[in-house]
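Overview (structure and organization)
As a plain string of letters, each chain reads:
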Amino acid sequence: MGDSSGQPGIHTYKSLAEEGLFGSVEPPKRPTGSLVMHSMAMFGREFCYAVEAAYVTPVLLSVGLPRSLYSMVWLLSPVLGFLLQPVVGLASDHCRARWGRRRPYILTLGIVMLLGMAMYLNGDAIVSALIADPRKKLIWAISVTMIGVVLFDFAADFIDGPIKAYLFDVCTHRDKERGLHYHALFTGLGGALGYVLGAIDWAHLELGRLLGTEFQVMFFFSSSVLTLCFIIHLFSIPEAPLRDVAKDIPPQQAPQDLALSSDRMYEYGSIEKVKNGYVHPELALQGEKNKNPAGQTRRAVTMKSLLRAPLSMPPHYRCLCISHLIGWTAFLSNMLFFTDFMGQIVYHGDPYSAHNSTEFLIYQRGVEVGCWGLCINSVFSSLYSYFQKALVPYIGLKGLYFMGYLLFGLGTGVIGLFPNVYSSLVMCTLFGVMSSTLYTVPFNLLTAYHREQQEEQRQQARCGGPDGSVRGQGVDCAALTCMVQLAQILVGGGLGLLVNMAGSVIVVVITASAVSLIGCCFVALFVRYMD
C-alpha cells in the first residue's frame, strides 16, 4: 500500500480514495466449487418457493381461511418487504458483526423461513394437538397459518438482496458474472425439484403414512433441503468483518475527528482486502487528512439517512429498477395465475362447482398440467442460464435483456389468443427465458455500474479532485430486489379487480404480454449498458 518516493527510507502513503478500502484491491479469482456452494442458497430458497406454490392454497383452504382475508395474506409480505428491504440493505453495508456484513442477515432470514414453513405446513396439526375447543381451534389454526405464510414470504423475498450483496462483496467482476449465472442455474433446478416433489401424491405412499399427512412430508423435505443448502452457502466464501478504522489506531495517534464519516472508511469487500480486519494506522490517518477538513463532524447512520439513500440513486440506477419492476410485473401476472388459467381457460373446468362434479375434476386436471408447465419453466430457466454466457459476446447484455422481454411477451400473447394444452406447455420454455433474464441481466448491469463508479473514484483521487461518495452494494441490491415486492403489490392489488371486470382469467395473460412488450421498449431506450 506504500511506495517509495525515490529517497531511501522515506515512504509516502496514497490516500484512501486512491489506494483505499473500496474496490482498489481486487479479490482473488474464486474457484467454481466456491461459486456453486454460494449458489446453493438460491437452490434451497426456490425449492421452498415451489413447495409453497403447490401447497399454500390447499393449506389455507383446509384451515378454513375466509376469502376476504386472501388478499391480506398475499399483500402484507410484499408491502413489508418493499418498505424495509432498502433500509436493511443499507444497514447491512454498515454491519460490524464478526462473521461479516451479509451472512448474519442471511442466517437470520433463513431461520425465519424455516419458522414460517413450520407454521403454515404444521400449524393446523399443532393447534389441533393443543386446543380442543372447535371455535378456538379454528381461530388459532387460521392465525398461525396466516402468520406462517407471511413470515415465509417476507424472509424468502428479503433474503435475495443480502445473498447478491454477499456475492458482489467477495468476488471479482468476472466472478460476479459467473456467480449470477450459477445462481440462475440453481434457482431453476431448485424450483423444478420442488414442483416435482409437490406433484407426487404422498398421502398414498409409505412416507406419507409414516409422517401423517403430505403437508408434514413436504415440511420434512423443505426444512432438510433449506438447512443443508444454507449451511453450504454460509461456509462457501470467507467474508471479512467490517471494522472501524479508529479502533486500530493507538489513542495517542488518533485525532479527535478521526471518526468514520462516510462509507469509504469501512472495509467494503472480501477477506483479502484487510487482513484480520486491520488497517494500517498511518494510512488511515493520511487518508483522514485528505478526506476530512478540520471541524468536520461525524455523520451518523440515522434512520433518516437510511431512508434517503434508496431515493437518491443516480438516474441510470433508477431506470434499471423501473425496467426490473416492469419485467417482474409481467412475469408474476402470468405465473401466479397460470395454473388457474390452465384449469379454467384451456381445460374449461369450473373451480366453483361441487368438488365431486365433472367440471371441478376437469379443473383440477388443468391445474396439475399447469404445475408441470411451471416445472418446464424452471428446467428451461436453468438450461438458458447456462447458455447465456455463450450468447453475451454476440448480442451483449442489451440483446439478452431485450430478447427475454420480447420472447415472454410473444409467448404469453400466443397462449392468450390461442389457448391450447400443447402450445401452452411449449410456451413455458419461453417463460424460462424470462425467468433466467430477470435473475441475471439486471444484477450484471448493477455490478458494471459499481465497477464504473469505483474507477471514476480512483481517477478523481489520482488527479487530486474531490472525492465522490461510493454507494453501498447492499442498498443497491436491496433497491433492485424490492421491485419484486412492488410488482407483487401491483399484481395482487390490480389483477384481481381486472379479472372481475373482464369476467375471465384470460385477461391476465394478455396483460402480461402487453406489459412485457412495453418493457421491451423501455430496456431498449432507457436502460444504460456498459461496453
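So, here is what we can say about the structure in this document. On a predicted model such as this, the values are computed, not experimentally measured, just so you know. (Residues numbered from 1 in each chain as written. Predicted model: local features only at pLDDT ≥ 70, side-chain atom pairs only at ≥ 80, totals over all residues. Heavy atoms only, no water.)

A word on the overall build of the protein chain. Secondary structure summary: the protein chain contains 17 helices and two strands in total. Taking all 531 residues of the protein chain together, the buried fraction comes to 55%. Long-range pairs, those at least 24 residues apart, make up 83% of the contacts in the protein chain between residues at least 6 apart in sequence. (Helix = DSSP H or I, 4+ residues; strand = E, 2+ residues; numbered from the N terminus. Buried < 20%, exposed > 50% of the residue type's maximum accessible area, 1.4 Å probe, protein only. Contact = heavy atoms within 4.5 Å.)

Attention now moves to a nonpolar patch on the surface. On the surface, a cluster of nonpolar side chains totalling about 480 Å² of accessible area is made up of Met72, Leu76, Val79, Leu80, Leu83 and Leu84. Of note, Met72 is situated in helix 3 (residues 70-93). (Patch = residues over 30% accessible without salt bridge, like charges linked within 9 Å, V, L, I, M, F, W, Y side chains within 5 Å. Areas by Shrake-Rupley, 256 points an atom, 1.4 Å probe, with all protein chains shown as cover. Salt bridge = Lys/Arg side-chain N within 4 Å of Asp/Glu carboxyl O.)

Take the packing of aromatic side chains next. Under the defined criterion, the tally for this structure stands at 16 aromatic pairs. Judged by centre distance (6.0 Å) and plane angle (65°), the ring pair of Tyr120 and Phe152 falls under edge-to-face. One end of the pair, Tyr120, is in helix 4 (residues 103-130); the other, Phe152, is in helix 5 (residues 134-158), with 32 residues separating them in the sequence. Joined through ring pairs, the aromatic side chains of Trp328, Phe331, Phe338, Phe408, Phe431 and Tyr439 make up one cluster. In this structure, Lys164 is placed above the aromatic ring of Phe443, and the distance from its NZ or CZ to the ring centre is 4.8 Å. (Phe/Tyr/Trp six-rings, centres within 6.5 Å; stacked < 30°, edge-to-face > 60°. Lys NZ or Arg CZ within 6 Å of the ring centre and 35° of its normal.)

Structurally, Gln364 is set in helix 14 (residues 358-417). Using a relative accessible area of 37% as the deciding quantity, one classes Gln364 as partly exposed.

Turning to helix 14, a few remarks are in order. The end-to-end C-alpha distance of helix 14, which contains 60 residues, comes to just 26 Å, noticeably less than the 88 Å that a straight helix rising 1.5 Å per residue would cover. The largest bend along helix 14 reaches roughly 105° and is located at Ile395. (Expected span 1.5 Å × (residues − 1). Bend = angle between axes of the 7 residues up to and from the residue.)

Our focus in this paragraph is the pattern of salt bridges. Inspection of the entire model under this criterion finds eight salt bridges. For the salt bridge of Arg102 with Asp169, the shortest nitrogen-to-oxygen distance reads 2.7 Å. Of this pair, Arg102 sits in the loop between helix 3 and helix 4 while Asp169 sits in helix 6 (residues 160-170), placing them 67 residues apart in sequence. Residue classification places Arg102 among the buried residues on the basis of a relative accessible area of 0%. Since its relative accessible area comes to 2%, Asp169 is described here as buried. Through salt bridges with shared partners, a single network forms among Arg101, Arg102 and Asp169.

When a protein is soluble and globular, its nonpolar side chains tend to lie buried together. If you look at the biggest cluster of nonpolar residues, it comprises 123 residues, and the most contacted ones within it are Tyr401 and Val527. At 14 residues, helix 2 (residues 32-62) tops the list of elements feeding residues into this core. Setting aside anything within four residues of it in sequence, one finds Tyr401 in contact with Leu320, Ser323, His324, Thr437, Val441, Pro442, Leu445, Val523, Val527 and Tyr529. (Core = buried A, V, L, I, M, F, W, Y, C linked by side-chain atoms within 4.5 Å.)

Quick look at the side chain of Asn122 now. Relative to the assigned elements, Asn122 resides in helix 4. Looking at Asn122, the relative accessible area reads 10%, which means it is buried.

Where helix 7 (residues 173-199) meets helix 14, the closest approach of the two axes is 8 Å, and the angle between their N-to-C directions is 160°. One element, helix 7, and the other, helix 14, form an angle in the roughly antiparallel class. Crossing angle aside, the handedness with which helix 7 passes helix 14 is left-handed. Within the contact between the two elements, helix 7 uses His181, Ala184, Leu185, Gly188, Leu189, Gly191, Ala192, Tyr195, Val196 and Ala199 and helix 14 uses Cys371, Trp372, Leu374, Cys375, Ser378, Val379, Ser381, Ser382, Ser385, Gln388 and Lys389. Of the residues belonging to the contact of helix 7 with helix 14, the class tally is twelve nonpolar, eight polar and one charged. (Axes fitted to C-alpha atoms, helices over the stretch in contact; angles between N-to-C directions. Parallel < 35°, antiparallel > 145°, perpendicular 65-115°, else oblique. Left-handed = near helix turned anticlockwise from the far one by under 90°. Nonpolar A, V, L, I, M, F, W, Y, C, P; charged D, E, K, R; others polar.)

Once that is clear, we can look at the environment of Met218. Relative to the elements of secondary structure, Met218 occurs in helix 9 (residues 214-234). Note: C-alpha distance between Met218 and Met117 (101 residues apart in sequence) is 9.6 Å. Leave out the neighbours within four places in its chain, and Met218 touches Val51, Tyr55, Leu121, Leu197, Gly198 and Trp202.

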